[in-house]
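Structural characterization, general
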Amino acid sequence: MSSTAEAPAFSLTRQPLEVRRRRVRVARIERITPAYRRVEFAGDDLAGFDSPGADDHVRIFFPPPGEPLPPAPDDGLPAGLASREYTPVEWDGAGRLTVDFVLHGEGVATDWAASAGVGDEVFLGGPRGSLVMTGSPAWWLLAGDLSALPAIRRHLRAVPPGTPVDVVLLSDDPADEQEASSPGDLGLAWVHPAAGAPVGDVTPLLEALAGLPRRDGDGFAFVAAEQTLVAPARELLAARGIDLQRAVVKGYWKRGEAEYHAPRPTA
Ligand SMILES: Cc1cc2nc3c(=O)[nH]c(=O)nc-3n(C[C@H](O)[C@H](O)[C@H](O)COP(=O)(O)OP(=O)(O)OC[C@H]3O[C@@H](n4cnc5c(N)ncnc54)[C@H](O)[C@@H]3O)c2cc1C
């Protein structure tokens, strides 16, 4: 929040949700860019699916490589399935759900997404809970890498017409730049690591954040990428007068570590 004594323009509230196991099949796959796949899941189990928070995640449980998805016991999931966290991008509550996968190299999820075909099945769980915004920030600052782009797209949809929204997106390869749109007054910049930098290097993202224009009023920030971003991003946001209790700053993955779990839901 800005340093004035005005009432906050918005608040974030955690809302628990009933967790259900859903068995779904791939209905459509779209290659968005070389490292970005859009997968549309379908299935009767998706009836009633909802995801009220922009950075909600579902846990996707994948079959063992080359094997079909096993049946599930009545009270849970088959033992031993690997799972990872993904953002619901779009859904209709009546049997369709879209998820975007970064193809980043090697990993259970990226391997599955790279080779998935129509009819392949996975289990979904969640979202367990949502961070729901009420009110209307004076401005928005959204920043992240390709893994955070689905959540950023969801935030962008929620920005009211005319409200300033500054967005910084990071991709290792310029070929993965994509369009993004918002009813808000959108300023979008793509940044890329220097040649020879480690995969997912957050340095250009932090530099771009530091160079953004300062805005007055009670703004909201969402920042997510490789986890080394978290501490310096928090410092940068605090220096801009952003209330870290109402910002979301998350590590979505960790270089060199499989199945990294974001340790905290909010900054
Ligand atoms: C709340 C939340 C929402 C998320 N939403 C999405 C989403 O919608 N789409 C999406 O693509 N990802 C999303 N992620 C990130 C995703 O969960 C991780 O990238 C996950 O590790 C991928 O699993 P994997 O099996 O492919 O790789 P893992 O087996 O977990 O890791 C294998 C190797 O790949 C590296 N690695 C993992 N992810 C990346 C990456 N993105 N770029 C480069 N290297 C990587 C690891 O450091 C490790 O060395 C989200 C994460 C969180 C916490």
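Before reading on, note that the structure itself is shown above.
This report concerns the structure included in the present document.

What counts, and where the lines are drawn
- Residues numbered from 1 in each chain as written.
- Predicted model: local features only at pLDDT ≥ 70, side-chain atom pairs only at ≥ 80, totals over all residues.
- Helix = DSSP H or I, 4+ residues; strand = E, 2+ residues; numbered from the N terminus.
- Rg over C-alpha atoms; globule rule 2.2 N^0.38 Å.
- Buried ≥ 20, exposed ≤ 12 C-beta atoms within 10 Å, placed from the backbone.
- Contact = placed C-beta atoms within 7 Å.
- Pairing = 2+ DSSP bridges.
- Axes fitted to C-alpha atoms, helices over the stretch in contact; angles between N-to-C directions.

**Brief notes about the overall build of the protein**
For the protein, the count of helices and strands is four helices and 14 strands. Its C-alpha atoms give the protein a radius of gyration of 19 Å, within 12% of the compact-globule value 18 Å for 267 residues. Seen through its C-alpha atoms, the protein measures out along the principal axes to roughly 55 × 45 × 30 Å. The proportion of buried residues among the 267 residues of the protein is 36%. Across the protein, contacts joining residues at least 24 apart in sequence account for 69% of those joining residues at least 6 apart.

**Some remarks on the sheet that holds strand β3 (residues 36-47)**
Taken in spatial order, the seven strands of this open sheet run β5-β4-β8-β2-β3-β7-β6, and their pairing is antiparallel. Each edge of the open sheet is held by one strand with a lone partner, namely β5 (82-86) and β6 (88-91). Adjacent strand axes in the sheet meet at a mean angle of 35 degrees, parallel and antiparallel pairs treated alike. With three bridges joining them, β6 and strand β7 (residues 94-102) adopt antiparallel strand pairing. Bridge assignment links Trp91 to a residue of β7, and that residue is Leu97.

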